[in-house]
Amino acid sequence: MSARQATNAADTGTPSKKVDIPATVVVRDLADLLHTTAIEVIKELMKSGVMASINQSVDYDAAATVAEALGFEPHLQGQEEVAVEREQVEEDAAKLQPRPPVVTVMGHVDHGKTSILDAIRETNVTEQEAGGITQHIGAYQVDANGQKITFVDTPGHEAFTAMRARGATVTDIAILVVAADDGVMPQTLEAIDHAKAAAVPIIVAINKTDLPDANLDRVKQQLSEREVLIEEWGGDVIAVPVSAKTRAGLNDLLEHILLVAEISELKADPDRPAEGTIIESELDSSRGPMATIIVRTGTLRIGDVVIAGETWGRVKAMFDEKGERLQTAGPSTPAKIMGLSVVPRAGDTFVSVADERTAREAIEARERERTAAGQRAATLEAFSSDIAAGRVKELKIVLKADVQGSVEAVQQALEGLSSDRARARVIHSTTGKISESDIMLARASEGIVIGFNVRSEPGAARIADGEGVDIRQYDIIYKLTEDIERALKGIMEPIIEEVVDGHAEVRALFRVRGGRIAGCMVTDGLLQRNSQVRVKRDEEVVHTSRVSSLRRVKEDVREVQAGLECGVGVEGFSEFQEGDVIEAFHTETKD
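As the structure is a prediction and not an experimental result, all values here were calculated from the model.

> Whenever I open this one, the packing of aromatic side chains confuses me. Can you help?
How two aromatic rings sit relative to each other is set out by the distance from centre to centre and by the angle between their planes. All told, the structure shown has two aromatic pairs when counted by the stated rule. One residue, Arg 121, lies across the ring of Tyr 140, its end atom 4.6 Å from the ring centre.

Below, the structure is given as structure tokens:
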């Protein structure tokens, strides 16, 4: 059915065909599902205010609108399987109980992050247990005034943000470590911006106060310049002087963590199926895939079936940080689990499900969705479409520039831009090349990266492609502000270019059941099955659709190169004449 026929069917009351559409779907794949061309789909999307190119993804609501316009009855693909997972997310307020806070420590290299973590852990080990910690599992609990605190021992703010990028909400409180003798440094600034982007409370631990050149006032002044205003300066951020070496102030730090946790009213339901986050994973030579987890809510038990990212398994054993076996792990509890079929990724979320069949169905549904939709590219054009449709109110930006003066000028210009629909917010800005950390922060915050007079580090561009993060690079400030202003108004449209892939000349006609196919010679380029094509006669286009069949020497083939003969069927068209030219093409979004 062509787009026009489908539309006519809708207008004349002809019964519509049902079509299953994933939660997100690439425009090219949506066109295949609806038996039409990508151009028709793009036109219908534009009518509803959604701007997307052939290789971009759209959500189910936008795809369903297109399907209905073309005479189809849309249904969400895998709805039953998705519902199995989502029904467990609901919390019963009556069953919520206080849970320990989960704390991540971040800061500049050599400012004492690891030393503070080690000192806190050692302080909480009794004489009988001294030296009893037999394995490192990436997280541990300590007791402070009879209450538990869970610490996540991650490599730094990059790992913290990588977890957020994969949907993990593992951290309740961020501890920012700043050396009293060194002050605020570049990685300190990055850690501040990563913690702010995560919208978690920050406690500043001013370390190395035992050194003779320690200067607490200078640290507080530098923090205030980065909009981290501590309480005694009229702000709401707690700052605690500590020394990892002498252990001075550590009990104070723990008490303040408990205070912030109490204010945050952290609660969970221990009686429901467990959900949480994978914070580390490895392949153990004797035990197989092992994953360190922190339970967010519910209770995980031996024998439970869990889905973790793209894998699943039955929990065969659980261990704490001392290597002792656990039977259960409740809210905010760290544990190392055994029983998954393959090693999951750090940052993947896990959920306990009813049985193995449910787990398999959920994994299959995720795989179908991933295959159909891929990763949605968070491009500036996509943001503009979302703004136009009222789905977002803020464009988050990671800004990198060549010199500090440029950073300040561009940031001021960007934050001065706004429309009645949305505003721009710079969540991180500094000098230097665009790094992998910048990409992961943008990914986790659902934002974009803007570079002004700078390039990307080699690995950053590769990760941006894989994670679907848009990098926009400029050397003229008015061009930068013009693009952002148009995006905020919801009027930025993708520039779609047409690329010709090849030509085939019709040299013979063959009758088959249901019509005629063309015997062709591919004169240049190539012809592919499902290619968008136009049939041209004396340079006039007589039909546009796609290749429905492609055969060579009686065999179905995926493509035919220049200089070879083939039989071509074109969807919705059989009135070929010798001498017709079949022109294959596709569209691309111009950067």
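> I'm lost on the environment of Ile 517 in this one. Help?
Checked against the element boundaries, Ile 517 lands in strand β27 (residues 515-528). With 59 residues separating them in the primary sequence, Ile 517 and Phe 576 have C-alpha atoms 7.7 Å apart. In contact with Ile 517, not counting residues within four places along its chain, are Ala 508, Leu 509, Phe 510, Val 512, Val 568, Gly 569 and Phe 576.

> Looking at this model, I keep getting lost on the pattern of salt bridges. Mind explaining?
Between side chains of opposite charge, a pair can form as their charged atoms come close. This structure, assessed with the given rule, holds 27 salt bridges. One salt bridge in this structure joins Lys 336 and Glu 282, with 2.6 Å as the shortest N-O distance. Residue Lys 336 is located in strand β20 (residues 334-340), and its partner Glu 282 is located in strand β13 (residues 275-284); the two are separated by 54 residues in the primary sequence. For Lys 336, a relative accessible area of 10% puts it in the buried group. A salt bridge links Arg 516 to Glu 575; the nearest nitrogen and oxygen atoms lie 3.8 Å apart. Linking Arg 516 in strand β27 with Glu 575 in the loop between β32 (565-570) and β33 (581-590), this pair joins segments that are 59 residues apart in sequence.

> Looking at this structure, I do not really get the state of the cysteines. What am I missing?
Among covalent bonds in proteins, the disulfide is the one between the sulfur atoms of two cysteines. Counted by the stated rule, this structure contains zero disulfides. In this model Cys 520 remains outside any disulfide bridge; the closest cysteine sulfur is found in Cys 566, 5.4 Å from its own. Residue Cys 520 is classed as buried on the basis of its relative accessible area, which comes to 3%. The exposure class of Cys 566 is buried, given its relative accessible area of 7%.

> Just checking my understanding: could you explain the nonpolar core for this structure?
Soluble globular proteins tend to bury their nonpolar side chains together. Membership of the largest hydrophobic core comes to 28 residues, with the highest contact counts inside it found for Ile 116, Ile 149, Phe 151, Ile 175, Ile 203, Leu 253 and Ile 257. When contributions to this core are tallied by element, the ones reaching two or more residues are β6 (102-107), α6 (113-123), β7 (139-144), β8 (147-152), β9 (173-179), β10 (202-207), β11 (238-241) and α10 (250-264). It is α10 that contributes the most residues to this core, seven residues altogether. Phe 151 has contacts with Val 103, Val 105, Leu 117, Ile 120, Gly 138, Ala 139, Tyr 140, Val 142, Leu 254 and Ile 257, leaving out every residue within four places of it along the chain. Within the second largest apolar cluster, 23 residues are counted, among which are Ala 38, Ile 42, Ala 52 and Ala 62.

> Got a minute to help me understand the pairing of strand β25 (residues 471-474) in this structure?
Looking along a regular strand, one sees side chains alternate from face to face of the sheet. The alternating pattern of β25 places Arg 472 and Tyr 474 on a buried face, while none of Ile 471 and Gln 473, on the opposite face, is buried. Here strand β24 (residues 448-452) runs beside β25; their pairing, made up of four bridges, is parallel. Considered in β25, the bridge of Phe 452 is made with Tyr 474. Crossover connection from β24 via helix α15 (residues 458-467) to parallel β25: handedness right-handed.

> Is there a simple way to think about helix α4 (residues 60-69) in this case?
Helical periodicity: at 3.6 residues per turn, an α-helix aligns residues three or four positions apart in one direction. Where α4 is concerned, the buried positions are Tyr 60, Ala 62, Ala 63, Ala 64, Val 66 and Ala 67. Buried-residue contacts for α4 involve β1 (17-21), β2 (24-26), α2 (27-33), α3 (38-47), β3 (57-59) and β4 (72-76). In the stretch just after α4, Gly 71 is the one whose phi turns positive, near 85 degrees.

Parameters at a glance
Residues numbered from 1 in each chain as written. Predicted model: local features only at pLDDT ≥ 70, side-chain atom pairs only at ≥ 80, totals over all residues. Heavy atoms only, no water. Phe/Tyr/Trp six-rings, centres within 6.5 Å; stacked < 30°, edge-to-face > 60°. Lys NZ or Arg CZ within 6 Å of the ring centre and 35° of its normal. Helix = DSSP H or I, 4+ residues; strand = E, 2+ residues; numbered from the N terminus. Contact = heavy atoms within 4.5 Å. Salt bridge = Lys/Arg side-chain N within 4 Å of Asp/Glu carboxyl O. Buried < 20%, exposed > 50% of the residue type's maximum accessible area, 1.4 Å probe, protein only. Disulfide = S-S within 2.5 Å. Core = buried A, V, L, I, M, F, W, Y, C linked by side-chain atoms within 4.5 Å. Pairing = 2+ DSSP bridges. Right-handed = clockwise from strand over helix to strand, strands pointing away.

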